[in-house]
Each structure stands twice: as structure tokens, then as C-alpha cells.
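Understanding the architecture of this molecule
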Amino acid sequence: MSTNGYAHPETLVSTEWLADHLTDKTLRIIDVDEDTSAYEQSHIPGSVGWNWTTDLHTEVGRDYVDVDGLGELLGAVGTTDDTTVVLYGGNNNWFAAYAYWILRLRGFDKVKLLDGGRKKWELENRPMTQEVKDYPRTSFQVTGQEHPEIRALRDEVLAKEDTGIGLVDVRSPEEFRGEKLAPPHLPQEQAQVPGHIPHAANVPWAQAANDDGTFKSAAQLRDLYEGKGLTPDSEVIAYCRIGERSSHTWFALHELLGYPDVKNYDGSWTEYGSLVGVPVEVG
């Protein structure tokens with residue numbers, strides 16, 4: 001399998017590889033899609049569906065399930081210490097990358113992304129099904145070390161906004177300029193004001209992907225990010241609207257290019273654009 005020059009090629013699996021391992025009992029294939037009904041419509045055989053809004057988030061407040069909650073979620077699909085999770089979804093894996101980042105944040109490291117996700121799988125006419133696989137529940141506990149160093153919180157971002165060094169806004173140019181509050185297909189709501197954090201670079205997340213949903217090569221990714229002043233010798237903090245698109249950029253920078261200090265600001269514009277008295281730029 002080509003590694004495309006990636007620092008950590010093991011974080012991805014190809015559609016060819018997954019097609020050859022669909023019956024591997026040490027794998028759990030998990031569908032995480034923006035459209036939470038996509039799994040019911042069709043999915044990769046043997047995969048299970050996670051609803052990103054209800055499965056990965058706490059019932060009250062804006063945060064993610066804790067280590068125990070993640071253990072229960074993984075145990076519900078029969079995860080053991082020998083299990084590797086392969087995540088995939090639609091739209092270049094943006095919510096699959098979000099789930100990947102959350103699992104790593106909470107200390108579950110045996111996780112990979114299907115390069116190209118649902119899009120590439122379907123383009124290749126690989127099998128899809130509506131059959132729901134039921135795995136025996138296990139009493140699984142996440143025992144790995146949590147990784148708070150891959151998450152940026154509000155105060156850290158506010159401490160950097162005066163220079164904007166290392167901040168990358170991965171939303172569309174229309175959102176960055178303040179013409180929209182969300183992608184066009186979503187309700188234009190949540191943040192109280194439009195715009196972006198002053199001095200942040202704008203590198204739309206989807207520029208890291210090829211037409212078939214796979215990630216671009218390491219050389220192409222380096223040209224993309226270094227061309228915007230984001231270099232491996234400096235800290236990078238990525239943000240979008242709610243943290244899912246910036247998870248995709250975090251994956252490209254941290255996992256594929258090997259940047260050592262990359263954080264996802266999952267509060268993103270929904271939080272920053274609702275704060276009172278913070279600097280905001282438009283245009």
C-alpha cells in the first residue's frame with residue numbers, strides 16, 4: 001500500500017484493505033456521518049452506526065462523553081483489548097475524523113480512518129447493506145492515557161488572538177469573511193456574530209482531500225499548509241464552527257504530516273462568535 005509520504009500511514013486503511021478484512025473479528029467498522037440517517041439507508045457490511053449528536057456528546061452541557069462513557073459505547077459493539085476501530089463517513093470523512101479525534105482525546109488509540117470514507121467505497125461499487133450487525137456486548141474499559149494536549153480551550157485561544165500565529169480557520173471563505181454563519185446546507189444559526197478570529201489563516205478543510213474523498217499526498221498537504229505559514233516547528237490551533245471540520249485538518253496536520261503540536265479548538269466559532277467583548281474580523 002502506498003504511504004503517500006505520510007508520517008503515520010498506519011492511521012489510514014484503504015478501501016481495498018478493508019474489503020479484504022470485512023470478516024476480521026478483531027475489527028469494528030463504525031459509520032459516523034453528518035446525516036445521522038445515512039447508516040439506516042445503507043452502510044458497509046458488518047459496520048455499526050454511531051450518532052455523533054447523541055452517542056459522542058454528554059446529555060447535558062457541551063462536552064464529550066468521558067472515559068467511562070466511551071468505554072460503554074465501545075463495549076456496546078463488542079470491543080475488546082484486541083479490537084481495532086475503523087471509522088468512516090460521508091463528505092470526505094469529516095464527522096468520522098471528528099470521532100477519531102474524540103477517541104484519541106479520551107485515550108483510545110487503536111483507531112484508524114478509512115481513506116476516502118463512504119464516498120470512495122461507493123465510487124468503487126463496493127458492497128453496501130441495510131442489515132444491522134448485532135455484536136455481543138463486552139465490559140470494555142478505556143485504559144489508555146487521555147490526550148488533553150490535542151485540545152485547545154477558549155482561554156488558550158484568547159491568549160493567542162492578538163497575534164493569530166498558528167491559528168487556522170478551516171471554514172469556507174464565505175464563513176471566514178462573515179457572509180455566512182454555517183455551511184450553506186445548514187441552518188444559519190448558533191454563533192451570535194459572523195466573522196473570524198483576527199489574523200487567523202483561512203485554509204478550508206476540504207482542500208486537504210482529493211475528488212474521491214481520500215487525503216492528498218504529504219507533499220501536497222505540506223504545500224497547502226506551509227503556503228499559509230503553518231509550519232511543523234510551531235504550534236497550530238485549528239477551528240471551524242463546532243470542531244468537526246477542524247478535526248479533519250487536525251488529522252491531516254498531526255497524523256499525516258506529523259506536526260508535533262496541533263490542537264483542535266472544538267469550541268470553534270460557535271463559542272468564540274458568541275463571546276462578549278472579544279476581537280472579531282470580517283472580510
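Residues numbered from 1 in each chain as written. Predicted model: local features only at pLDDT ≥ 70, side-chain atom pairs only at ≥ 80, totals over all residues. Heavy atoms only, no water.

Before going further, it helps to examine the sheet that holds strand β7 (residues 201–202). Backbone-to-backbone hydrogen bonds join strands into a sheet, with any given pair of strands oriented parallel or antiparallel. Reading across from one edge, β7-β6-β8-β9 is the order of the 4 strands in this open sheet, with parallel pairing throughout. Each end of this open sheet is capped by a strand with a single partner; those strands are β7 and β9 (262–264). The strands touched by helix α9 (residues 244–256) within the sheet are β8 (236–239) and β9, with β9 carrying the most contacts at an inclination of about 170°. (Pairing = 2+ DSSP bridges. Helix = DSSP H or I, 4+ residues; strand = E, 2+ residues; numbered from the N terminus. Contact = heavy atoms within 4.5 Å. Axes fitted to C-alpha atoms, helices over the stretch in contact; angles between N-to-C directions.)

This next bit is on the UniProt feature "domain: Rhodanese" (unreviewed entry) in the protein. In the numbering used here, UniProt assigns the "domain: Rhodanese" (unreviewed entry) feature to residues 23–130 and 167–281. Taken end to end, residues 167–281 comprises 28% helix and 10% strand; its first and last C-alpha atoms sit 14 Å apart. (UniProt positions renumbered as here; feature names shortened; annotations may be inferred.)

With that settled, consider the pattern of salt bridges. One pass over the structure, following the stated rule, counts 21 salt bridges. Between R118 and D31 there is a salt bridge; the shortest N-O distance is 2.7 Å. Highlighted residues: R118 in helix α5 (residues 117–123) and D31 in strand β2 (residues 27–32), separated in sequence by 87 residues. For D31, a relative accessible area of 2% corresponds to the buried category. Across the pair R104 and E255 runs a salt bridge, and its minimum N-O distance is 2.7 Å. Of the two residues, R104 sits in helix α4 (residues 94–105) while E255 sits in helix α9, which places them 151 residues apart along the sequence. A residue is classified by how much of its surface remains accessible, and R104, at 15% relative accessible area, is buried. Connected through salt bridges with shared partners, the residues D63, R106, E146, R151 and D266 form a single ionic network. (Salt bridge = Lys/Arg side-chain N within 4 Å of Asp/Glu carboxyl O. Buried < 20%, exposed > 50% of the residue type's maximum accessible area, 1.4 Å probe, protein only.)

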